[in-house]
Amino acid sequence: MHCTFVHFRSRRAVSHKKIIAFVLALIISLSAFHVNAQSAPAWESAREIRDAAFQAQNELYAAVRADDPNVNYQNAVNLLDAAEEIYASNLQPAFPADANALVLENLTRAKSAALNGDAVALAFARGRLWTALLQGSQTLTLSALKAGDAASAAEWLKLREYRSATRVNTVDDPSAQALADAEQNQRSAESAAEIIANDLRDSYFFRLRDSLTQIEDAADKNFPTRVAEWAGQAAGYFSILRDDMREKLSADETAALQDSFSVLEVAALNQNWADVKTQTSAVRAALTNYQPVKLAPDEISKRGQLLYLFTNLIYVEYKNGVRDGKITVDIEYREAATFRKQAETVFEELRPTIAAADPVGAERLEALLSELNTTILNYGDPSEVKNLVDEALGIVQSTLKVSANADDASASFTILDTLLNEMLNSVRVGNYADAENTRIEAYAIYESGPEKRLAHRAPVLSRELEGLFWEGTEGQKGLSTLIADKAPAEEISATTNQLNVKLKEANEFLSVGMSGFLAVVNSMVIILREGLEAVLILGAILGYLSATRSPKKFSAWVYLGAAAAIALSLLVWWAAQSLITVTSMQRELIEGGASLIAVVVLFYVTNWIFEKVYVADWIAYVKEQVGKALGAGSALALAGLGFTVVFREGFETVLFYQALAFDAPASSIWLGFAIGMAIIFAVAYAILKLSKRLPLKPFFTVTGLLLMLLAFNMTGAGIRGLQEAGLLAAHLLTWIPENLVLMELFGVYPTLETTLAQILFLFLLIATFSYSLWRKKNALASTRLPSPAGGRAGDEGKISSHASKE
């Protein structure tokens, strides 16, 4: 009975799978009928073909775990039949003979592999099938354009691949621009065709080299189908470029490359990893002298600067990421590896140029980049990396006559683009933790470079960029929020594209020089913005000390705290330039922490002043304090306040002026600084004079309110600093306006965390002031009780006398 039951379940399972196969085949047939009835655009048809082949590959993966794999094999064949119908209906009638032959050949190979359950052979055929479609599209694009049919050329050009989106590449799309010019008769068809041909060759050569890297990585990880698919794509990219290679290399070299790809195919299909690596290296070596597009001198200079920059950044990141053979800062370590890979990518493009100037140097530079890869993988000593990087930079300088400064704006935008693409790559594979780390690193680059220059020249744009990096802007979620929510890759990509548009706008804005007058104004605004807040606080405190006739030594404590903060700001800045590395995140942590410490001290001081002015008998208190002044704890608190309110702004002020020096002459900067300092001293003088002339309570009412307002501001700014240091999340509150005045004067940011912190501050302030007033009320009630015989009625009269004098 048991055996019969099992047999019955097995028959039901097989029948169930046959039903699924029938339904799937029916859906495919209906889809093909729809395609025949209404022809889809070329690029969409090609995508459907590629998707069907991918689904066929998944069927073979599922077959491994299936009770009856033949069902999955047939499903895969049905999917490929549907792909062939789409091709026959929408693409084949127009396709050139050579590309058509390649498509049909690899569809046949794919179906044969599917029927036999050969996942590796199917993967190779898929790679060749896709690149055959690209090859046909390229031919049709150029032929249509030469025939004067720009509209058809534009449609076929949509079926193409691009280089990876980094600033190593051209930011604009030269092919699209050339087509647009041709359609408007602003460029000849021949000229447009040349531009497009160059662009496509450049893209497919990049893809070819990337395929070789992917093959090596997959072979190291023992991923047979990935090796096969990338090997198929590499062979296809070679097929697209073969005629051009024959012209620029030689017939023999091109034939040798063809043989290498044939051997690579056999090795990939047989999973012979040793031969795979040997042939991949042989192909890479044979391609060293091939250049798909002759680079213009300005393009060589641009890419040479990028090569220098990326090479230099390898050590800049690595020195902070590894110590004593261990990773100390993971994000820094990974960025070092990323920049080495970017340097290698640019070197491969420039190798023919470098080899023409110094053949031995080109070989040595290749070896250095390889040694750097080995050293980084083995967590080698940073000094080894520095030596290798220094030697590589020397070769780049001597052969290309270029250098680059990692601190300038264009370099920062280059790094930003690279990091944002790394972030998107992490999102696409579902690694949101790595994506968030890379986002923070990208913001650190922005905040330490372009943001310092934009803050006073284009504050609105600066705020928009900050919002896109963090919680969001104009009701749209920013990258921090999207990554925290694990949003779909498409949504994060859309926000990243919007961020890139704004970054491009910022780059163009900063590339325009600054006039002398604007430099003076910016310099003045920096010192006013960063210094006036500290002067208002210190002026109020010094005014209080003057009004209470406290000994000068207590004022000296405040001055000493402020002077110590200025000295430490300069010392930290110097050390960060010379001895140690203070990252942007650490700087935000310092500024945010200092702000919150200043809030605590201000909270204590304002409560203390309120207690003395409104609760205690103020005149009696003043008389008691003459010659005695403050207690030791209060004096130390005031000195600490002088230190924190200056230090929180001091280090950043130095950095703002350092950034301004990129755009403006020193004379204009010093003039603006002098004007700003004159205004600050005038404000300080006015506060001290008013403290002597105004009645005590009105003066301290105004200054007390000012101190509370500044503490409220610092609460928001301090939490914001911790958010930008990556210690706190940032959740967008759309009902709070993104207003620069609110942010600068009140520290009000449209985030949940800053808002809650400021609400808590107000609650504590109201609670403590209410408690003080309650104490005063109780104290007055007790003094009005009937005095017992022999009581001190005269004392009560003194209190009333003090009150009336006040």
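Residues numbered from 1 in each chain as written. Predicted model: local features only at pLDDT ≥ 70, side-chain atom pairs only at ≥ 80, totals over all residues. Heavy atoms only, no water.

Enquirer: An account of the overall build of the chain is requested, with residue identities and associated values reported.
Expert: The secondary structure content of the chain amounts to 31 helices and four strands. Burial statistics for the chain: of 806 residues in total, 51% are counted as buried. A sequence separation of at least 24 residues applies to 77% of the contacts in the chain between residues at least 6 apart. (Helix = DSSP H or I, 4+ residues; strand = E, 2+ residues; numbered from the N terminus. Buried < 20%, exposed > 50% of the residue type's maximum accessible area, 1.4 Å probe, protein only. Contact = heavy atoms within 4.5 Å.)

Enquirer: Just give me the short version of the packing of helix α2 (residues 42-63) against helix α3 (residues 69-91), but keep the residues and values in it.
Expert: For the pair α2 and α3, the least separation of the axes is 8 Å and the interaxial angle reads 170°. The angle between the axes of α2 and α3 places the two elements in the roughly antiparallel class. Of the residues contributing to the contact of α2 with α3, the split by class is 18 nonpolar, five polar and two charged. (Axes fitted to C-alpha atoms, helices over the stretch in contact; angles between N-to-C directions. Parallel < 35°, antiparallel > 145°, perpendicular 65-115°, else oblique. Nonpolar A, V, L, I, M, F, W, Y, C, P; charged D, E, K, R; others polar.)

Enquirer: Any chance you could break down the nonpolar core for me, citing the residues and the numbers?
Expert: Counting 83 residues, the largest nonpolar core has Phe95, Leu133, Leu145, Leu208, Ile215, Met245 and Phe261 as the members making the most contacts within it. Here this core takes 16 residues from helix α5 (residues 119-146), the largest share from any one element. Membership of the second largest hydrophobic core comes to 66 residues, among which are Leu307, Leu313, Leu369 and Ala506. (Core = buried A, V, L, I, M, F, W, Y, C linked by side-chain atoms within 4.5 Å.)

Enquirer: Could you give me a rundown of α5, with the residues and numbers involved?
Expert: When the terminal C-alpha atoms of α5 are compared, their 41 Å separation across 28 residues agrees well with the 40 Å that a helix rising 1.5 Å per residue should span. Burial analysis of α5 places 25 of its 28 residues in the buried class, the great majority of the element. Between the side-chain oxygen of the N-cap and the backbone nitrogen of Val120 there are 3.4 Å, and the N-cap of α5 in question is Asp118. A positive phi of about 85° marks Gly148, the residue just after α5. (Expected span 1.5 Å × (residues − 1). Polar contact = N/O pair within 3.5 Å; in protein donor to acceptor, adjacent residues only side chain to side chain.)

Enquirer: Mind laying out unusual backbone geometry, listing which residues take part and the relevant values?
Expert: Notably, Gln271 is not glycine yet its phi reads approximately 55°, a positive angle. Relative to the assigned elements, Gln271 resides in the loop between α10 (251-269) and α11 (273-286). For Lys486, which is not glycine, the phi dihedral falls at a positive 55°. Here Lys486 is to be found in the loop between α20 (479-484) and α21 (489-511).

Enquirer: So what's going on with the packing of aromatic side chains? Which residues, and what values?
Expert: By the definition in use, this model includes 15 aromatic pairs. Seen in terms of ring centroids, Phe95 and Trp156 are 6.1 Å apart; in terms of plane orientation they differ by 55°. Their pairing is tilted. Of the two residues, Phe95 is situated in the loop between α3 and α4 (97-116) and Trp156 in helix α6 (residues 150-157); the sequence distance between them amounts to 61 residues. Exposure class is identical for Phe95 and Trp156. Each is buried. Each ring, one from Phe310 and one from Phe339, has its centre 6.0 Å from the other, and the planes form 20°; the classification is stacked. You can see Phe310 sitting in helix α12 (residues 297-321) and its partner Phe339 sitting in helix α13 (residues 330-357), a full 29 residues away along the chain. (Phe/Tyr/Trp six-rings, centres within 6.5 Å; stacked < 30°, edge-to-face > 60°.)

Enquirer: Give a detailed account of a nonpolar patch on the surface, specifying residues and quantitative values.
Expert: A contiguous nonpolar surface patch, about 320 Å² in accessible area, is contributed by Leu709, Val741, Leu745 and Phe746. Here the element with the most residues in the nonpolar patch is helix α29 (residues 740-746); it accounts for three residues. Summarising the element assignment, Leu745 is placed in helix α29. (Patch = residues over 30% accessible without salt bridge, like charges linked within 9 Å, V, L, I, M, F, W, Y side chains within 5 Å. Areas by Shrake-Rupley, 256 points an atom, 1.4 Å probe, with all protein chains shown as cover. Salt bridge = Lys/Arg side-chain N within 4 Å of Asp/Glu carboxyl O.)

Enquirer: Describe in detail the confidence of the model for the chain, supporting the description with residues and values.
Expert: Of the residues in the chain, 76% reach a pLDDT of 70 or more, and the chain-wide mean stands at 79. For the stretch residues 1-38, pLDDT sits under 50, and the model shows 20 contacts to residues farther than four places along the chain or on other chains. Segment residues 618-629: pLDDT under 50, and 19 contacts once partners within four positions in sequence are set aside and those in other chains are kept. (pLDDT = per-residue confidence, 0-100.)

Enquirer: Residue-level account of α6, with values.
Expert: When we look at burial in α6, the residues that qualify are Ala150, Ala153, Trp156 and Leu157. Down the axis of α6, the sector holding all buried residues measures 125°, keeping them to one side. Against α2, α3, α5, α7 (174-183) and α8 (189-220) lie the buried residues of α6. (Arc of directions from axis to C-beta.)

Enquirer: For the packing of helix α19 (residues 459-469) against α21, give the residues involved together with the corresponding values.
Expert: Following both chains from N to C, one finds α19 and α21 inclined at 155°, their axes separated by 10 Å at the closest point. Comparing their axes, α21 and α19 come out roughly antiparallel. As for how α19 packs across α21, the hand of that crossing is left-handed. Within the contact between the two elements, α19 uses Leu461, Glu464, Leu465, Leu468 and Phe469 and α21 uses Thr495, Gln498, Leu499, Lys502, Leu503, Glu505 and Ala506. (Left-handed = near helix turned anticlockwise from the far one by under 90°.)

Enquirer: Give me the lowdown on the pattern of salt bridges, citing residues and values where you can.
Expert: Applying the stated criterion across every chain, the model contains 32 salt bridges. Among the salt bridges present, the one from Asp199 reaches Arg160, with a minimum N-O distance of 2.9 Å. With Asp199 in helix α8 and Arg160 in the loop between α6 and α7, this pair connects stretches of sequence that are 39 residues apart. Look at Arg160 and you get buried, because its relative accessible area is 8%. One salt bridge in this structure joins Arg246 and Asp243, with 3.0 Å as the shortest N-O distance. With Arg246 and Asp243 both in helix α9 (residues 224-248) and three residues apart, the pair spans about one turn of that helix.

Enquirer: So, the environment of Ser569: which residues are in play, and what are the values?
Expert: Looking at the secondary structure, you find Ser569 in helix α23 (residues 552-578). Looking at Ser569, the relative accessible area reads 2%, which means it is buried. Between the C-alpha atom of Ser569 and that of Thr653, which follows or precedes it by 84 residues, the distance is 9.0 Å.

Enquirer: Provide a residue-level description of the environment of Ala125, including the pertinent values.
Expert: Among the structural elements, Ala125 can be located in helix α5. Classification of Ala125 as buried rests on a relative accessible area of 0%. Those residues in contact with Ala125, other than ones at most four positions away along the chain, are Asn106, Arg109 and Ala110.

Enquirer: Give me the side chain of Thr438: which residues, what numbers.
Expert: Its location among the elements puts Thr438 in helix α17 (residues 432-448). Contacts of Thr438, omitting those with residues within four sequence positions, involve Ile331, Arg334, Glu335, Leu419, Glu422 and Met423.

Enquirer: Describe in detail the side chain of Asp202, supporting the description with residues and values.
Expert: Relative to the helices and strands, Asp202 resides in helix α8. Among the residues examined, Asp202 registers a relative accessible area of 17% and is labelled buried.

Enquirer: Lay out the environment of Thr496 with the relevant residues and their values.
Expert: Take Thr496: it is sitting in helix α21. Its relative accessible area of 1% is what places Thr496 among the buried residues. A polar contact of 2.8 Å, which involves the side chain of Thr496, links it to the backbone oxygen of Ile492.

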